[in-house]
Amino acid sequence: MRIARFSIDGNVAFGAVEGDKQDELVLDIIKGIPFADYELSGTKVPLSKVRLLPPVLPNKVVAFGRNYAEHARELGNEVPDAPFAFFKPSTSVIGSGDEIQYPPFSEELHHEAELAVVIGRLCREVPRERVKDVIFGYTCANDVTARDVQKREKQWARAKGFDTSCPLGPWVETGLDLDRANDLTVQLTVNGEQRQLGRTSEMIHPIEDLVVNISEAMTLLPGDVILTGTPAGVGPLHVGDEVAVTIEGIGTLTNKVVKRG
C-alpha cells in the first residue's frame, strides 16, 4: 500500500494512493493514523486536487554516510568499516513538490538520492531477525548537501541540516519486504538528465545493519526516518534546477531549487 500525507481545504490527512496512471491517482482517506489501528474511509479525492506533504513528520532523521563504496571514493573518502551515522533535523524535511532553498552560506549544493526507511513502532536494541517487524515502509529521499561547507567544517550539522535539505516522498510504500528493499534501482535526474543510477544491493551495510546499529544507541519512534546512503554520481544543483529521485517500486520525489529569500 502507498500511504501519502496531504492537505486539502486547510485540513491534513493520510490517504491510501490508488491507481496506476499518474493523472488518475486517487486518495482513499484514512480514518486515524497509519502507525496505529486505522481503516479506509471510502471517501476518495483525486491526487491532483491535494497538496502532498512530507509523508511523515519524523522526530529524527538518522542518515548513514559513505554506504556505497563508489560514492565514498568519488569524494576521496575511505570506505568505513562500520556504519557512519549523522543527523538531519526535523526542520530540514520537505515533501515532493516543495522547494529546496539554496542556502546563502554555500556555493556548492549537491544532490544525493537515497532510499529512506520509515520506522513503524517504538523500538530499541532491535535484533537483526526482528528488523522487518519495526519497519513501516520505504520512501524516496534526497540528502541535499552544502558540499563546500561539509569540506571546511568538521561537523556536518550546517552542511546537511539546513532548512529544506531533506526532501522525502512522494509517499510511503508499505508493501515491500526487506529482501526486495535491499535490491532496488535508485536513480536521480536533474532537469531530465540522469545523474545517479545504482541499486540498494550495492550498499556496504544493508538495511538490517543500519537499523541494528542505530537502535543500539537510541530509541526509534514511529515515523522516524533512516537514510541509507547514496550511490555514486552526486553533483551540483543550481537555482532553477528540477531534481527528481526515482526508486523502483516506490515512486518519484520531485523538487525545484530556488534562491532563499
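Shown above is the structure to which this text applies.
What you see is a predicted model, and the numbers here were worked out from it, not measured in a lab.

Asks: Could you clarify how one ought to interpret the environment of Glu 208 in this entry?
Replies: For Glu 208, the position within the fold is in helix H6 (residues 207-215). Look at Glu 208 and you get buried, because its relative accessible area is 12%. Considered as a pair, Glu 208 and Ser 48 are 160 residues apart in the sequence and their alpha carbons are 36 Å apart.

Asks: Whenever I open this one, the sheet that holds strand E20 (residues 251-259) confuses me. Can you help?
Replies: One key point about sheets: their strands pair by backbone hydrogen bonds, in either a parallel or an antiparallel sense. With mixed pairing, five strands are arranged side by side in an open sheet as E9-E20-E19-E15-E16. Both outer strands of the open sheet, strand E9 (99-102) and strand E16 (193-199), are each paired with one neighbouring strand and no more. The sheet shows a mean angle of 20 degrees between the axes of neighbouring strands, direction not considered. In the sheet, strand E15 (residues 185-190) pairs with E16 via six bridges, with the strands oriented antiparallel. Bridge pairing in E16 links Val 190 to Glu 193.

Asks: Any chance you could explain the side chain of Thr 185 here in plain terms?
Replies: Checked against the element boundaries, Thr 185 lands in strand E15. Only 2.5 Å separates the side chain of Thr 185 from the side chain of Arg 199, close enough to count as a polar contact. Other than its neighbours up to four places away in sequence, Thr 185 contacts Leu 197, Gly 198, Arg 199, Thr 246, Ile 247 and Glu 248.

The rules behind the values
- Residues numbered from 1 in each chain as written.
- Predicted model: local features only at pLDDT ≥ 70, side-chain atom pairs only at ≥ 80, totals over all residues.
- Heavy atoms only, no water.
- Helix = DSSP H or I, 4+ residues; strand = E, 2+ residues; numbered from the N terminus.
- Buried < 20%, exposed > 50% of the residue type's maximum accessible area, 1.4 Å probe, protein only.
- Pairing = 2+ DSSP bridges.
- Axes fitted to C-alpha atoms, helices over the stretch in contact; angles between N-to-C directions.
- Polar contact = N/O pair within 3.5 Å; in protein donor to acceptor, adjacent residues only side chain to side chain.
- Contact = heavy atoms within 4.5 Å.

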